[in-house]
Every structure is written in structure tokens, then in C-alpha cells.
Amino acid sequence: MTKVITYGTFDLFHEGHYRLLQRAKALGDYLIVGVTTENFDKARGKLGVIDSLMTRIENVRKTGFADEIIIEEQVGQKFSDIKKYNIDIFTVGSDWVGKFDYISDYCKVVYLERTKNISSTMLREQRRHIQRIGIIGNGRIANRFVIEAKSVSGVNIQGVYNPHVESANKFAEKWEINAYSTLEDFYNNVDMVYVASPHETHYNYIKSSLENGKHVLAEKPMVLQKSQAEELFALAKKNNLILMEGIKTAYCPGFHRLLGIAGSGKIGSIRNIEACFTKLEAPNHRELVDTKYGGSFLELGSYVLLPILKIFGENYERLRFDTILGDNGLDLFTKASFKFPTGLATATCGLGVKSEGRLLISGTRGYILVSAPWWKTTYFEVHYENPNDIEKYGETFLGDGLRYEINDLLMQLTDKNRNDFRLTRGESIAIANVMEQFITEQRGSIM
Ligand code: CTP
């Protein structure tokens, strides 16, 4: 019996896919089709896949050509599948000519001619009217956002709004986009809003964007009060709009994989989490000067709270803050210590103290260690009692990571039921709640 294998994403199943599977089947007696997981596609930079894994598998199944369907989850899997399934022929379309020649040491490699003038990418472009994103605020992160957006198909940075007109004009000129001098004009020209203005202005901008019918991606921390977060999510829901908090770690494939391993029981029941992020800042930077909204916790707290709230949930029994303050009263270094019903956690961040930025998740059987920069998760290890017993995991983290958030925003647009997947509303509300508690305790009252 001749066994054939082929792989693909098979998004928006089209004639090219059908013809490829038909000819692949005809090469032998038994055809195995590997369908990529969403995470694998993300990891290899194929963002914007529309159909879910289940839909894509179902579409391959319906052709009747596949005798067996498997999922392709990681780099290097093809090689092990060929051995595992005793494959005689590996085949893919001619767009891959040469790329899989190395496999010919193990089985025959056949490149089938690709069907002309059709591809998933083409169908995705046709389907999607390009989303025009408008940016409010044009600080450092907004520059990175413009660069990252270029790598996501289906979006266009339309323009910028900033009440400081001169600053907006400069930014617009640099990136060759529009500068709008009034919010009304801005809203009339965009479909989505990226809020990257100072923290304290987020609430008003998010609210007015939602009232004007725009989807919103808000920089972290989205807002600094629980009631505001609840109100804005309720408004988004009422207006059938997306509201997402932009904590890039939450959307990147490595962190997602890490959460999967943490939740798999591999390290037993989780009992402790330590997350640390420090960044030495020049004393004249906004973060160390703005005595109302600066300081290490407001700046970096969202990152370190993320793994803790994701893993232990939102219902902690106790939360205590310890801080080292600078001369102007801003926290240079902060530790938030949590007690949850089943474990403990510390979230540490610093702008004036440097430490190892690692994430450590300890369980009853072992621990997961992610070295700095864990918030751009590319590599982590699982350790056990036996120090020689170490499992290693690697994932890609492309560019600055913001592309993953933008991509998720688009995914939510195509399928609103997928909402609440990578970062839930509950988690964003919980982060706002912790921020509120921090501000109330450290700075007297909510401002
Ligand atoms: N394929 C083909 N003819 C096409 C499109 C795809 O023969 N017109 C083949 C590919 O070469 C591959 C398989 O179908 O062997 C699955 O390809 P996939 O990457 O899922 O499809 P594309 O349409 O190429 O997707 P994209 O545009 O997202 O790259």
C-alpha cells in the first residue's frame, strides 16, 4: 500500500485545495492530510486565518479524499510524521518547490502544480473590507503600532488624533497618514480606534469611540477603575462593538502555549506564581515624573498581573502592596502579593530597581520557568524533582508583538462569538480593580 501525506491550512476551502487533495490521493492508496492549528499558523507568521480548525478539518473531510486527518502543531512535525506513519510520498503544491527537498532522504517528494488564480489570501482580501484604524495619541507606542500594523493584512492606519495638533501633524507626516484636528472628523473617517493616549484619558476616549460606533483597542492599563471597565464593556456589548485591552503578551503564541502547559497538569496543581518585569527609566521620563499617573505599577503592572489572573482567576482572598518610593512619591519598585484559595502569587515591577524579569510557575509536581523577557514568550522550560529532567519549549514572537493584538481584533470582527478568548472582559475588569486598589492605597484616593 502506498501512503501519501500532505499538509495545509485549508482556510476558506477553495478549488485549489480540492484539486490538490484529489491529485494527492491519486498518487497512492492511502492519504493522510495534516491541517495546521491556529497557534501553529500564528507562530509561523500566517496571521488572519478566518476558519476555525474544526471548520477547516470538516472541509477537508467533506472532499472524501482524506483517509485520515491529523493536525500539524509545530515545526519539525512533518519529519516525525513521515516516520511515524510509514509514509512513501510527501506532496504539496508547487508554491513550495525546493522547500521540502530535504525530506527526499526519507520518502519521495512530489510537488503538484498549483491551481492558478486562487488562494486563501486572495479570498480573505476579497471578503474583508479593509478596516481603517485611527490612532488617538501619538507617543512611543503609537510609532511601534504603525510599524506592526503593516504586517497584518486587512487593516490600514488611516490617521491620528491628538488635541496637541502640532504633535499629531508631525506624526502624520512621518508615517504618511492623516491628522484630524477634531474628534468628529476623526470618527467620520475610521472603523476602529487604537487608544494610545495618556492613561487618565483612556476612559473618555474609549467611551466616545464606542458611542460613535467604533471598535476599540485600548493600550494597557485600559482604565484605572473597576466600575469604568464594567461600564465600558457593557457599552461595547450594547452597541455590538469590540473592546479589547492591548496587553500584547496575552495574544502571542508562546504565552498561549505556556498557559496550555500550565493548565495541563504536567506540573501538578499550581501553588505559586512569581512574575517580574523591570525597566530602568531615565529620571526625566514621563513614567517617573507624572506624579499622578506615573510609577512602576501603573506602567508595568498589567503585564505581571496577566499570568496570575489567567491562572488563578479573578477571586483573590487577599492583596497587599509593598513599594519603594522615589523622592517625588512615585513607586520605583512595587510588589503586589496575592493569596488565592489554592495558591500564592507575587507581581513585581520596577522602573528604578533592576531585577531578573522572569516568570516562575510552581506546582505540586514541578515548575515552569520563563526567563526574561517572559512577556515576549519565546522559550520556556518545565522542571521536575530530578534536575536532569527538563522539557524545553520554543515559539516564535514576531516583531514587537502588537501584530498579534491587531490580528485578534480582526478575528473577533469576523466571528464575534470568539470574543473573550485570549484576554477576557473579566480579566480586564480584574486588572482595573487591582489598579484602583493600588491607587487608592498608595495615593490616597482615586483621581
Ligand atoms: N494549493 C494549490 N493551489 C492553490 C492554492 C493552494 O495547489 N491555488 C495547495 C498548496 O500548495 C498546499 C495546499 O493547497 O499544498 C494547502 O495550501 P494552503 O496554504 O492552505 O492554501 P493557500 O490558498 O495557498 O493559502 P494562503 O493564501 O493562506 O497561503
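See the structure above.
Residues numbered from 1 in each chain as written. Predicted model: local features only at pLDDT ≥ 70, side-chain atom pairs only at ≥ 80, totals over all residues. Heavy atoms only, no water.

Student: Help me out: how do you make sense of the overall build of the protein in this one?
Tutor: Secondary structure assignment for the protein yields 16 helices and 19 strands. Its C-alpha atoms give the protein a radius of gyration of 24 Å, near enough to 22 Å, the size a compact globule of 447 residues would have. Its C-alpha atoms put the protein at 75 × 60 × 40 Å along the principal axes. Within the protein, the proportion of its 447 residues that are buried is 55%. For the protein, the proportion of contacts with a sequence separation of at least 24, taken over those separated by at least 6, is 68%. A total of about 19600 Å² of accessible surface is found on the protein, and carbon and sulfur atoms cover 48% of it. With 55 positive and 55 negative side-chain charges, the protein shows a spacing of 2 Å between the two charge centroids. (Helix = DSSP H or I, 4+ residues; strand = E, 2+ residues; numbered from the N terminus. Rg over C-alpha atoms; globule rule 2.2 N^0.38 Å. Buried < 20%, exposed > 50% of the residue type's maximum accessible area, 1.4 Å probe, protein only. Contact = heavy atoms within 4.5 Å. Areas by Shrake-Rupley, 256 points an atom, 1.4 Å probe, with all protein chains shown as cover. Lys, Arg positive; Asp, Glu negative; His and termini not counted. Charge placed at Lys NZ, Arg CZ, Asp CG, Glu CD.)

Student: Sorry, what's going on with the site of the ligand here?
Tutor: Near the ligand you find 19 residues, and of these D95, T115, I118, S120 and T121 are the closest. Within the side chain of R114, one N or O atom sits 3.0 Å away from an oxygen atom of the ligand. Residue S120 places a main-chain N or O atom 2.7 Å away from an oxygen atom belonging to the ligand. Protein chains shield 93% of the accessible area of the ligand, which is 570 Å² for the free molecule. Among the elements of the structure, α1 (15–26), β4 (89–93) and α5 (120–127) are those that each provide at least two residues to the shell around the ligand. Residues that form the shell around the ligand fall into these classes: five nonpolar, 10 polar and four charged. (Near = heavy atom within 4 Å. Polar contact = N/O pair within 3.5 Å; in protein donor to acceptor, adjacent residues only side chain to side chain. Nonpolar A, V, L, I, M, F, W, Y, C, P; charged D, E, K, R; others polar.)

Student: It is not clear to me how the sheet that holds strand β8 (residues 178–180) should be interpreted in this structure. Could you clarify?
Tutor: Working definition: the strands of a sheet are paired by backbone hydrogen bonds and lie parallel or antiparallel to each other. The six strands lie next to each other as β8-β7-β6-β9-β10-β11, forming an open sheet whose pairing is parallel. Two strands in the sheet have a free side with no partner beyond their single neighbour: β8 and β11 (243–246). With direction set aside, neighbouring strand axes in the sheet form an average angle of 25°. Two elements, strand β7 (residues 155–161) and β8, share three bridges in a ladder whose sense is parallel. Bridge pairing in β8 links V160 to A179. (Pairing = 2+ DSSP bridges. Axes fitted to C-alpha atoms, helices over the stretch in contact; angles between N-to-C directions.)

Student: Sorry if this is basic, but what is going on with the side chain of R257 here?
Tutor: Among the secondary structure elements, R257 is positioned in helix α12 (residues 253–262). Looking at R257, its side chain comes within polar contact range of the side chain of Q74, at 3.0 Å. Here R257 is in contact with N39, Q74, F380, Y393, G394 and E395, once residues within four sequence places are set aside.

Student: Quick question: what am I supposed to make of the pairing of strand β2 (residues 30–36) here?
Tutor: A regular strand carries its side chains on alternate faces of the sheet. Of all seven residues making up β2, six are buried, and the element is well covered by its neighbours. As a crossover connection, the stretch from strand β1 (residues 3–8) through α1 into β2 is right-handed. (Right-handed = clockwise from strand over helix to strand, strands pointing away.)

Student: What should I look at first to understand the packing of helix α6 (residues 140–149) against helix α7 (residues 165–175) in this one?
Tutor: Two numbers describe a pair of packed helices, the interaxial angle and the distance between the axes. At a minimum axis separation of 12 Å, α6 and α7 run at an interaxial angle of 25°. For the element pair α6 / α7, the angle class is roughly parallel. The handedness of the crossing between α6 and α7 comes out as right-handed. Of the residues in α7, those touching α6 at A142, N143, V146 and I147 are F171, K174 and W175. In terms of residue class, the contact of α6 with α7 is made up of five nonpolar, one polar and one charged. (Parallel < 35°, antiparallel > 145°, perpendicular 65-115°, else oblique. Left-handed = near helix turned anticlockwise from the far one by under 90°.)

Student: Would you mind going over α7 with me for this structure?
Tutor: Helical geometry: 3.6 residues make up each α-helical turn, so side chains three or four residues apart lie on a common side. Every buried residue of α7 is accounted for by A168, F171, A172 and W175. Along the axis of α7, the buried positions cluster into a sector of 100°, meaning they face one direction only. Summarising the geometry of α7, the exposed residues directed more than 90 degrees from the buried face are E166, K170, E173 and K174. Two residues or fewer past α7, E176 is found with a positive phi of approximately 55°. (Arc of directions from axis to C-beta.)

Student: What is the right way to read unusual backbone geometry from this model?
Tutor: Negative phi values dominate among residues other than glycine, just as trans dominates among peptide bonds. Cis geometry is adopted by the peptide bond preceding P221, which originates at K220 and carries an omega value of -20°. Relative to the assigned elements, P221 resides in the loop between β10 (215–219) and α10 (226–238). In the segment running from A372 into P373, the intervening peptide bond is cis, with an omega of -5°. Along the chain, P373 falls in the loop between β17 (366–370) and β18 (379–384). For N86, which is not glycine, the phi torsion reads 55° and is therefore positive. Tracing the backbone shows N86 in the loop between α4 (77–84) and β4. With a phi close to 55°, E176 is a non-glycine residue in the positive phi region. Following the sequence through the fold, E176 ends up in the loop between α7 and β8.

What is shown is where atoms sit, not what they do.
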